[in-house]
Amino acid sequence: MATSTGREARAGLWNGFAAYGIWGLFPLFWPLLEPAGAVDILANRMTWSLVAVAVMMLVQRRWAWIRPLLAQPRRLALSVLAAAVISLNWGVYIWGVNSGHVVETSLGYFINPLVTIAFGVLLLRERLRRAQWFAVGIGAAAVAVLTLAYGRPPWIALVLAFSFGSYGLLKKKVALGGLESLALETAAMFPFAVGYLIWLAAHGQGTLFRTVPGEYGWGHSALLVLSGLITAVPLMCFGAAALRVPLTTLGLLQYLAPVFQFSIGVLVFHESMPPARWAGFTLVWAALAVLTWDALRRVRADRLAAAAVPLPVPQYDRAAG
């Protein structure tokens, strides 16, 4: 039994690494889809994601959730809203990567935990611990420093952080699994995505299933189709990890993606990082360090409290005796 549990934990950890690792390597993929524009890539991603997810669900026969959901219009409406929000997130992310702002996109996912905490206070009336307030304050200072460093608010990072935070809040209310959520959300946006692709093709502006000698060929179309699969696969890995490892472990693994993105922006694409930007990022990382320390301390305190609770004393059954 212990060996089986250990094997499951290792499998969950590797799935977590795979999910966040793939998400972290996305900045290397989207430039391969040029000369397609960001909206063209987004429409293809939505379209082929639905195809990929439908095939996976067909193989796994995971259809039972659809009928009960259709009888709950509120959850359906929230899912459609979540689809619109994640479409905004995807579109801004693809545009940011392909326009030379990989480092700023990584910033969005670094500050996302701080945005999630702010949503908890403002929308869910949650009470923060002192360390969490301290981390949020450091994060606000970081945004101010980065605004001065960029000469403008880091709007790409802020849009990514707030849209993904909103998406997480909506997903919490809808309460669907990762693959099911992706299926529903891409289905909601599918008519718009396909309509846009048809409009592009009719005006001779689309790149899907077209070849331009010296610019792009059928390999380009294959990569556009592949965008659906690489969207679905990390979600499946994440789902497998979530079942097998503690949430605290997943919380630590989530920093892999922006770390990879930041490293790619600096080391691969050689984006500029003057001292003021390093100062802003350092503040963000300090805020995340405080959050991580507080979360680990809280988990340890909860475990000690659980261990201190005395086990119930078995009652002697006279009749059985």
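Each remark here, short or long, concerns the structure printed above.
Residues numbered from 1 in each chain as written. Predicted model: local features only at pLDDT ≥ 70, side-chain atom pairs only at ≥ 80, totals over all residues. Heavy atoms only, no water.

Asks: So what exactly am I meant to see when it comes to the packing of aromatic side chains here?
Replies: By convention here, two paired aromatic rings are described through the distance between centres and the angle between planes. The full count for this structure, using the stated rule, is 19 aromatic pairs. Plain terms: the ring middles of Trp14 and Phe17 are 6.0 Å apart, the flat faces sit at 50° to each other, and that makes the pair tilted. Of the two residues, Trp14 and Phe17 both sit in helix 1 (residues 2-29), three residues apart, roughly one turn of that helix. Judged by its relative accessible area of 37%, Phe17 is partly exposed. Considering the side-chain rings of Tyr196 and Trp199, the 6.2 Å spacing of their centres and the 15° angle between planes classify their relative orientation as stacked. Placement of both Tyr196 and Trp199 in helix 8 (residues 178-202) is noted, with a separation of three residues, approximately one turn of the helix. Relative accessible area serves as the criterion here: at 29%, Tyr196 is assigned to the partly exposed category. Put simply, the rings of Phe110, Phe262, Trp278, Phe281 and Trp285 touch in pairs and so form one group of aromatic residues. (Phe/Tyr/Trp six-rings, centres within 6.5 Å; stacked < 30°, edge-to-face > 60°. Helix = DSSP H or I, 4+ residues; strand = E, 2+ residues; numbered from the N terminus. Buried < 20%, exposed > 50% of the residue type's maximum accessible area, 1.4 Å probe, protein only.)

Asks: Would you explain the side chain of Ser79 in this entry?
Replies: Position of Ser79 among the secondary structure elements: in helix 4 (residues 73-98). Within the structure, Ser79 has its side chain in polar contact with the backbone oxygen of Arg75 (distance 2.9 Å). (Polar contact = N/O pair within 3.5 Å; in protein donor to acceptor, adjacent residues only side chain to side chain.)

Asks: In this structure, what is going on with empty space enclosed by the protein? I would like to understand it.
Replies: A water-sized probe rolled over the atoms picks out the places where empty space is left. Inspection of the entire model under this criterion finds one cavity of 30 Å³ or more. The volume enclosed by the largest cavity comes to roughly 50 Å³. Around the largest cavity, the lining residues are Met46, Ala83, Ile86, Ser87, Trp90, Leu182, Glu185, Thr186 and Met189. Put simply, the parts of the chain that give the lining of the largest cavity at least two residues each are helix 4 and helix 8. (1 Å grid on protein atoms, 1.4 Å probe; cavity = no way out; pocket = protein on both sides within 12 Å on 5 of 7 lines; lining within 4 Å. Points joined across faces, edges and corners; volume = space filled by probe spheres on them.)

Asks: Mind showing me how you'd approach the nonpolar core here?
Replies: One broad trend across soluble globular proteins is that nonpolar side chains are buried collectively. Judged by nonpolar contacts, the single largest core of 47 residues is most densely connected at Trp30, Val53, Trp65 and Tyr93. When contributions to this core are tallied by element, the ones reaching two or more residues are helix 1, helix 2 (38-60), helix 4, helix 5 (102-122), helix 7 (155-174), helix 8 and helix 9 (218-244). Setting aside its immediate chain neighbours within four residues, Val53 contacts Leu179, Leu182, Ala183 and Ala232. Grouped together as the second largest cluster of nonpolar side chains are 27 residues, Leu107, Val115, Tyr255 and Ala287 included. (Core = buried A, V, L, I, M, F, W, Y, C linked by side-chain atoms within 4.5 Å. Contact = heavy atoms within 4.5 Å.)

Asks: What should I look at first to understand the packing of helix 5 against helix 7 in this one?
Replies: A pair of packed helices is captured by two measures, namely the crossing angle of their axes and the spacing between those axes. Packing of helix 5 against helix 7 brings their axes to within 7 Å, and their N-to-C directions diverge by 45°. Between helix 5 and helix 7, the interaxial angle falls into the category oblique. The interaxial crossing formed by helix 5 with helix 7 has right-handed handedness. On the side of helix 5, the interface is formed by Glu104, Thr105, Leu107, Gly108, Tyr109, Ile111, Asn112, Val115, Thr116 and Phe119, while helix 7 contributes Trp155, Ile156, Ala157, Leu158, Leu160, Ala161, Phe162, Phe164, Gly165 and Ser166. The residue inventory of the contact of helix 5 with helix 7, partitioned by class, reads 13 nonpolar, six polar and one charged. (Axes fitted to C-alpha atoms, helices over the stretch in contact; angles between N-to-C directions. Parallel < 35°, antiparallel > 145°, perpendicular 65-115°, else oblique. Left-handed = near helix turned anticlockwise from the far one by under 90°. Nonpolar A, V, L, I, M, F, W, Y, C, P; charged D, E, K, R; others polar.)

Asks: Explain the pattern of salt bridges to me, please; I cannot follow it from the model alone.
Replies: In total, this model carries four salt bridges according to the counting rule given. A salt bridge links Glu180 to Arg62, with the nearest nitrogen and oxygen atoms 2.8 Å apart. Linking Glu180 in helix 8 with Arg62 in the loop between helix 2 and helix 3 (66-70), this pair joins segments that are 118 residues apart in sequence. Classification of Arg62 as partly exposed rests on a relative accessible area of 29%. In this structure, Asp294 and Arg129 form a salt bridge, with 2.7 Å as the shortest nitrogen-oxygen distance. Pair noted here: Asp294 is in helix 12 (residues 275-308) and Arg129 is in the loop between helix 5 and helix 6 (130-150), with a separation of 165 residues, a long-range link. With relative accessibility at 2%, the residue Asp294 sits in the buried group. A single network of salt bridges, built from pairs that share partners, joins Arg129, Asp294 and Arg297. (Salt bridge = Lys/Arg side-chain N within 4 Å of Asp/Glu carboxyl O.)

Asks: Can you help me understand unusual backbone geometry in this one?
Replies: A negative phi holds for most residues other than glycine; trans holds for most peptide bonds. Across the junction of Glu34 and Pro35, the peptide omega takes the value 20°, indicating a cis bond. For Pro35, the location among the structural elements is in the loop between helix 1 and helix 2. Positive phi outside glycine occurs at Phe209, with the angle close to 55°. Inspection of the secondary structure assignment puts Phe209 in the loop between helix 8 and helix 9. One non-glycine residue, His270, lies in positive phi territory at about 55°.

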